[in-house]
Amino acid sequence: KRNTMLIVAVVAVVAILLIASMAVLYWPKDGGDDGSETIGSQGGVLSITSGELDGLRIEVPSGASEDPVDIDVTSEEVDDLPGLPEVGSIASRLITISTDGSDTWNAFKMFDRPLTVTLPYDEDLVDNEEAVRFYVYDPVNDHFEPTGFLDQNKVDNTITFEAATFSKFVAVEV
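Scoring rules and cut-offs
Residues numbered from 1 in each chain as written. Predicted model: local features only at pLDDT ≥ 70, side-chain atom pairs only at ≥ 80, totals over all residues. Heavy atoms only, no water. Helix = DSSP H or I, 4+ residues; strand = E, 2+ residues; numbered from the N terminus. Buried < 20%, exposed > 50% of the residue type's maximum accessible area, 1.4 Å probe, protein only. Contact = heavy atoms within 4.5 Å. Areas by Shrake-Rupley, 256 points an atom, 1.4 Å probe, with all protein chains shown as cover. 1 Å grid on protein atoms, 1.4 Å probe; cavity = no way out; pocket = protein on both sides within 12 Å on 5 of 7 lines; lining within 4 Å. Points joined across faces, edges and corners; volume = space filled by probe spheres on them. Nonpolar A, V, L, I, M, F, W, Y, C, P; charged D, E, K, R; others polar. Phe/Tyr/Trp six-rings, centres within 6.5 Å; stacked < 30°, edge-to-face > 60°. Lys NZ or Arg CZ within 6 Å of the ring centre and 35° of its normal. Pairing = 2+ DSSP bridges. Axes fitted to C-alpha atoms, helices over the stretch in contact; angles between N-to-C directions.

## Description of the overall build of the protein chain
Turning to step 1, where the next piece is worked out: Counting its regular elements, the protein chain contains two helices and 12 strands.
Turning to step 2, where the next piece is worked out: Across the protein chain, helices and strands are ordered from the amino to the carboxyl terminus as α-β-β-β-β-β-β-α-β-β-β-β-β-β.
Turning to step 3, where the next piece is worked out: Scored against the burial criterion, the 174 residues of the protein chain give a buried share of 35%.
Turning to step 4, where the next piece is worked out: Once local pairs closer than 6 in sequence are excluded, the contacts in the protein chain between residues at least 24 apart make up 66%.
Turning to step 5, where the next piece is worked out: Of the roughly 10700 Å² that the protein chain leaves accessible, carbon and sulfur atoms contribute 54%.

Below, the structure is given as structure tokens:
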């Protein structure tokens, strides 16, 4: 009976250690800065509500794609990026939004209807919030160009614009 209890205790300790090590390996980095969602033809929303990308929201309207599309968001801290405007300073993490879908989708990676995209900027990196705008990376021309602009929420430190395709995004105070 004593050996049985010892075996149960050892198994319990090993299970706890295994679970703890798995949590360390697979816990989201930087407070859950990554996000992903599969969106079908009915549309949907990908939203991040914690960490460095708190406030990120991608709204996909119904009919934006005939096929389901996987949307993945990652980010990284950057100090300098080639291809940015000569004037201005970086005011956010580099946010990479990538998509994957059917062979038909992957041929062009373009939505049929514009998506509403809200991305956060870092208020600690900004002197004048009125001067903050997001830029998107154009891989064909190897530089960043301004996104459109719909709205700025100075309380949540976000900027909203429309997009039909994705790439790398960064906020710049110009």
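## Comments concerning the environment of Leu 150
Turning to step 1, where the next piece is worked out: Locating Leu 150 in the fold gives a position in the loop between β9 (143-146) and β10 (151-153).
Turning to step 2, where the next piece is worked out: Expressed as a C-alpha distance, the spacing of Leu 150 and Thr 160, which sit 10 residues apart in the sequence, is 5.4 Å.
Turning to step 3, where the next piece is worked out: Leaving out residues up to four positions away in the same chain, Leu 150 has contacts with Thr 116, Thr 160, Phe 161 and Glu 162.

## Some details on the layout of surface pockets
Turning to step 1, where the next piece is worked out: In this structure, the largest pocket spans a volume of roughly 380 Å³.
Turning to step 2, where the next piece is worked out: Along its surface, the largest pocket is lined by 18 residues, and Glu 52, Ser 92, Arg 93, Tyr 121 and Asp 122 are the ones closest to its centre.
Turning to step 3, where the next piece is worked out: Its volume calculated, the second largest pocket comes out at about 280 Å³.
Turning to step 4, where the next piece is worked out: Around the second largest pocket sit 16 residues that line it, and Val 136, Tyr 137, Glu 145, Thr 165 and Ser 167 are the ones nearest its centre.
Turning to step 5, where the next piece is worked out: Where the lining of the second largest pocket is concerned, the elements lending two or more residues are β8 (132-138), β9 and β11 (158-163).
Turning to step 6, where the next piece is worked out: Of the residues assigned to the lining of the second largest pocket, the class counts are nine nonpolar, four polar and three charged.

## What to know about the packing of aromatic side chains
For any pair of aromatic rings, geometry is given as the distance between the ring centres together with the angle between the planes.
Turning to step 1, where the next piece is worked out: Taken as a whole and assessed by the stated rule, the structure comprises six aromatic pairs.
Turning to step 2, where the next piece is worked out: When the ring of Phe 134 is compared with that of Phe 161, the centres are 6.2 Å apart and the planes differ by 40°; the resulting orientation is tilted. One end of the pair, Phe 134, is in strand β8; the other, Phe 161, is in strand β11, with 27 residues separating them in the sequence.
Turning to step 3, where the next piece is worked out: Overall, Phe 134 belongs to the buried group, its relative accessible area being 1%.
Turning to step 4, where the next piece is worked out: Between the aromatic rings of Phe 166 and Phe 169, the centroid separation amounts to 6.4 Å while the plane-to-plane angle is 70°, which identifies the pairing as edge-to-face.
Turning to step 5, where the next piece is worked out: Judged by relative accessible area, which is 13%, Phe 166 ranks as buried.
Turning to step 6, where the next piece is worked out: Linked through ring pairs, Trp 105, Phe 111, Phe 134, Phe 161, Phe 166 and Phe 169 together constitute an aromatic cluster.
Turning to step 7, where the next piece is worked out: The ring of Phe 149 carries Arg 133 above its face, with NZ or CZ at 4.0 Å from the centroid.

## With respect to the sheet that holds strand β3 (residues 57-60)
Turning to step 1, where the next piece is worked out: Spatially, β2-β3-β7-β11-β10 is the arrangement adopted by the five strands of the open sheet, whose pairing is antiparallel. Each edge of the sheet is formed by a strand with only one pairing partner; in this case those strands are β2 (44-47) and β10. On average, each strand axis in the sheet is inclined to that of its neighbour by 15°, with strand direction left out of account.
Turning to step 2, where the next piece is worked out: The sheet contact formed by β2 and β3 spans four bridges and is antiparallel. Within β3, the position partnered with Val 45 by the bridge is Glu 59.

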